[in-house]
Amino acid sequence: MKTLILGAGYAGLAVATKMKPYAGLESLLVEQNAFHTFETRLHEAAAHNTRVTLPLAPLLRGTGVELEQASVEGVNLDEREVTLKDGRVLTYDTLVVGLGSVTNFYRIPGLAENASELKQLSDADDIFNFVNRAYSGEFKGVRDIVVGGAGLTGVELVTELAQRAELLSKARGLPPMNIYLVEAGPKILPVLDDALRGKAQRTLEEYGIHILTGHRLMQATADSVTVQTQGGEQKVIPAGKIIWTGGIQARDILKGEKLEKGPGGRVAVDDKLRARGYPDVFVIGDMGLALNQEGKPVPTTAQHAGQQGRLTGKNLMRLARGEEIETYEPTTLGEFVSLGGLMAVGWMKLPWNQKLAITGGIAHVMKRASEWRWRASID
């Protein structure tokens, strides 16, 4: 059985590290980088240049999975072909697609051309380098930062940037930069309940972050954004750096006559995580539209991507042995939001569908614990 695994994000790497050498099983992981990136920690790299990658080669030892460092150009499910950007074409018996998502700019004029993203290591490097330049004595122009989108990524990013800016201001005797968090919706962090959200908002305000909820980003230029309130009032905010974290969509890389897609371009999958109409193709992570026990879409989070990847890796081994594969049963263990330093807020799952709200240093430890569990699962 010739198996291709596309992408070494949380989902794809979880697949590969659950594989074992087996007679007749030929497995290849295709990934453009020689490393795995902890995407949930990119905000730390953007603010503090924290290391957030792991080399892939040591993680694949003992799995029987080979690594091909290449970029995927397209996938034709009807022809069972994967075309790489260098022109090569790979074929497969079984395919796993875990190529993640791309930023959705929602066709906002000028946004894609002028905003940075926070999807990969180079994005974090770009933001980190801007902050350093903004606090150099030679910097000319606007130093302020506008972050669009007040979900998990946006909130975690602005808190880390505020911390970094405060340190540099004190060290170099320069006034602090303004950091704006722009959100079209009525509140930040909609995934949290009101009490935890209130705690997070107070923390952001203590950092001096300008929170603009109910403000829709209408346009971006090289050095400003235009926002509009719910009442229709527009204002221009000067910005030396614009960062958009306001939405994602699945990579539009799969082609097939029977392919079914849902919201955000996610590929509809069955209860085994196989693309509907293509029983030899597993689509996992941000690209797959899996449903939970209530028939609702599974969130595009790292914990769910890891769950899907681990199950798919085990199911590939079952297929190789001629065994029945298992059904996907998602579970949400909790959700934690880092608020800079040793501060975090969130909740963890308790028995009987109860939730325990946690804030402060303990929440920070719980968030780190989830990352330690991920490390342990791929080692």
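Note that the structure is predicted; figures quoted are calculated from it, not measured.

1. Some thoughts on the pairing of strand β17 (residues 241-244)
- Judged by which residues are buried, β17 turns out to be covered on both faces: Lys-241 and Ile-243 on one side and Ile-242 and Trp-244 on the other are all buried.
- Of the pairings in the sheet, the one linking strand β11 (residues 145-148) to β17 comprises 4 bridges and is parallel in character. Paired with Val-147 across the two strands is Ile-243, which belongs to β17.

2. Observations regarding the side chain of Asp-144
- Considering the arrangement of structural elements, one finds Asp-144 in the loop between α5 (121-134) and β11.
- Nearest to the buried, unbridged Asp-144 among oppositely charged side chains is Arg-143, at 5.7 Å.
- With sequence-adjacent residues up to four places away left out, Asp-144 is seen in contact with Met-177, Asn-178, Tyr-180, Pro-238, Ala-239, Gly-240 and Lys-241.

3. Here's the deal with unusual backbone geometry
- Positive phi values are uncommon outside glycine, yet Asn-49 reaches one of about 60 degrees.
- Tracing the backbone through its elements, the reader meets Asn-49 in the loop between α2 (42-48) and β4 (53-55).
- Its relative accessible area of 46% is what places Asn-49 among the partly exposed residues.
- Positive phi values are uncommon outside glycine, yet Leu-189 reaches one of about 45 degrees.
- Take Leu-189: it is sitting in the loop between β12 (179-183) and α7 (194-206).

4. Here we look at the packing of aromatic side chains
- In total, this model carries 2 aromatic pairs according to the counting rule given.
- When the centroid spacing of 6.0 Å and the interplanar angle of 85 degrees are considered together, the rings of Phe-130 and Phe-139 count as edge-to-face.
- Of note, Lys-258 hangs over the ring of Tyr-278, and the distance from its end group to the ring centre comes to 4.9 Å.
- Residue placement shows Lys-355 over the ring face of Trp-347; its charged tip is 4.2 Å from the ring centre.

5. A word on a negative patch on the surface
- A surface patch of negative charge is lined by Asp-78, Glu-79, Glu-81 and Glu-257.
- You can see Glu-79 is positioned in the loop between β6 (72-76) and β7 (81-84).

6. Description of the layout of surface pockets
- One number sums up the size of the second largest pocket: a volume of about 160 Å³.
- Lining the second largest pocket, in full, are Ala-162, Ala-165, Glu-166, Pro-176, Met-177, Asn-178, Ile-179, Glu-206, Tyr-207, Gly-208 and Ile-209.
- Across the lining of the second largest pocket, the residue classes break down as 7 nonpolar, 2 polar and 2 charged.

7. Focus: the sheet that holds strand β8 (residues 89-91)
- Spatially, 4 strands are ordered β8-β7-β6-β19 in an open sheet, and the strand pairing comes out mixed. Two strands in the sheet have a free side with no partner beyond their single neighbour: β8 and β19 (254-255).
- Relative to β7, β6 runs antiparallel, the two sharing 4 bridges. Looking across to β7, one finds that Asn-76 is bridged to Glu-81.

8. Observations concerning the nonpolar core
- Counting residues in each nonpolar core, the largest one holds 96 residues, and the members touching the most others are Leu-6, Val-82 and Leu-95.
- Among the elements that line this core, the one with the most residues is helix α6 (residues 152-172), at 7 residues.
- Contacts of Leu-95, omitting those with residues within four sequence positions, involve Leu-4, Leu-6, Val-75, Leu-77, Val-82, Asp-280, Val-281 and Phe-282.
- Grouped together as the second largest cluster of nonpolar side chains are 16 residues, Val-182, Ala-220, Val-225 and Val-227 included.

9. Some details on helix α8 (residues 302-320)
- The terminal C-alpha atoms of α8 lie 27 Å apart, and with 19 residues this matches the ideal 27 Å at 1.5 Å per residue to within 8%.
- Positive backbone phi, approximately 80 degrees, marks Gly-322, located one or two places after α8.

10. A closer look at empty space enclosed by the protein
- Within the structure shown, the criterion is met by 1 cavity of 30 Å³ or more.
- The leading source of residues in the lining of the largest cavity is α8, at 3 residues.
- Classifying every residue of the lining of the largest cavity gives 3 nonpolar, 6 polar and 2 charged.

11. Quick word on the packing of helix α1 (residues 10-17) against α8
- It is at 7 Å that the axes of α1 and α8 come closest, and there the two elements cross at 30 degrees. For the element pair α1 / α8, the angle class is roughly parallel. Note that α1 runs across α8; the crossing there is right-handed. Note on element contacts: α8 touches α1 through Ala-302, Ala-305, Gly-306, Gly-309, Arg-310, Thr-312, Gly-313 and Leu-316, opposite Tyr-10, Ala-11, Ala-14 and Val-15.
- Of the residues belonging to the contact of α1 with α8, the class tally is 7 nonpolar, 4 polar and 1 charged.

12. A closer look at the pattern of salt bridges
- For the structure shown, the criterion picks out 17 salt bridges.
- Of the charged contacts in the structure, one is a salt bridge between Arg-41 and Glu-371, with a shortest N-O distance of 3.9 Å. Remark: Glu-371 occurs in helix α9 (residues 361-378) and Arg-41 occurs in the loop between β3 (35-37) and α2; sequence separation between them is 330 residues.
- Under the relative-accessibility criterion, Glu-371 is labelled buried at 11%.
- The closest approach of N and O atoms between Arg-368 and Glu-44, which form a salt bridge, is 3.2 Å. Taken together, the residues Arg-368 in helix α9 and Glu-44 in helix α2 connect sequence positions 324 residues apart. Each member of the pair, Arg-368 together with Glu-44, is buried.
- A single salt-bridge network, built from bridges that share partners, covers Arg-41, Glu-44, Arg-368 and Glu-371.

About the cut-offs
Residues numbered from 1 in each chain as written. Predicted model: local features only at pLDDT ≥ 70, side-chain atom pairs only at ≥ 80, totals over all residues. Heavy atoms only, no water. Buried < 20%, exposed > 50% of the residue type's maximum accessible area, 1.4 Å probe, protein only. Helix = DSSP H or I, 4+ residues; strand = E, 2+ residues; numbered from the N terminus. Pairing = 2+ DSSP bridges. Lys, Arg positive; Asp, Glu negative; His and termini not counted. Salt bridge = Lys/Arg side-chain N within 4 Å of Asp/Glu carboxyl O. Contact = heavy atoms within 4.5 Å. Phe/Tyr/Trp six-rings, centres within 6.5 Å; stacked < 30°, edge-to-face > 60°. Lys NZ or Arg CZ within 6 Å of the ring centre and 35° of its normal. Patch = residues over 30% accessible without salt bridge, like charges linked within 9 Å, V, L, I, M, F, W, Y side chains within 5 Å. Areas by Shrake-Rupley, 256 points an atom, 1.4 Å probe, with all protein chains shown as cover. Charge placed at Lys NZ, Arg CZ, Asp CG, Glu CD. 1 Å grid on protein atoms, 1.4 Å probe; cavity = no way out; pocket = protein on both sides within 12 Å on 5 of 7 lines; lining within 4 Å. Points joined across faces, edges and corners; volume = space filled by probe spheres on them. Nonpolar A, V, L, I, M, F, W, Y, C, P; charged D, E, K, R; others polar. Core = buried A, V, L, I, M, F, W, Y, C linked by side-chain atoms within 4.5 Å. Expected span 1.5 Å × (residues − 1). Axes fitted to C-alpha atoms, helices over the stretch in contact; angles between N-to-C directions. Parallel < 35°, antiparallel > 145°, perpendicular 65-115°, else oblique. Left-handed = near helix turned anticlockwise from the far one by under 90°.

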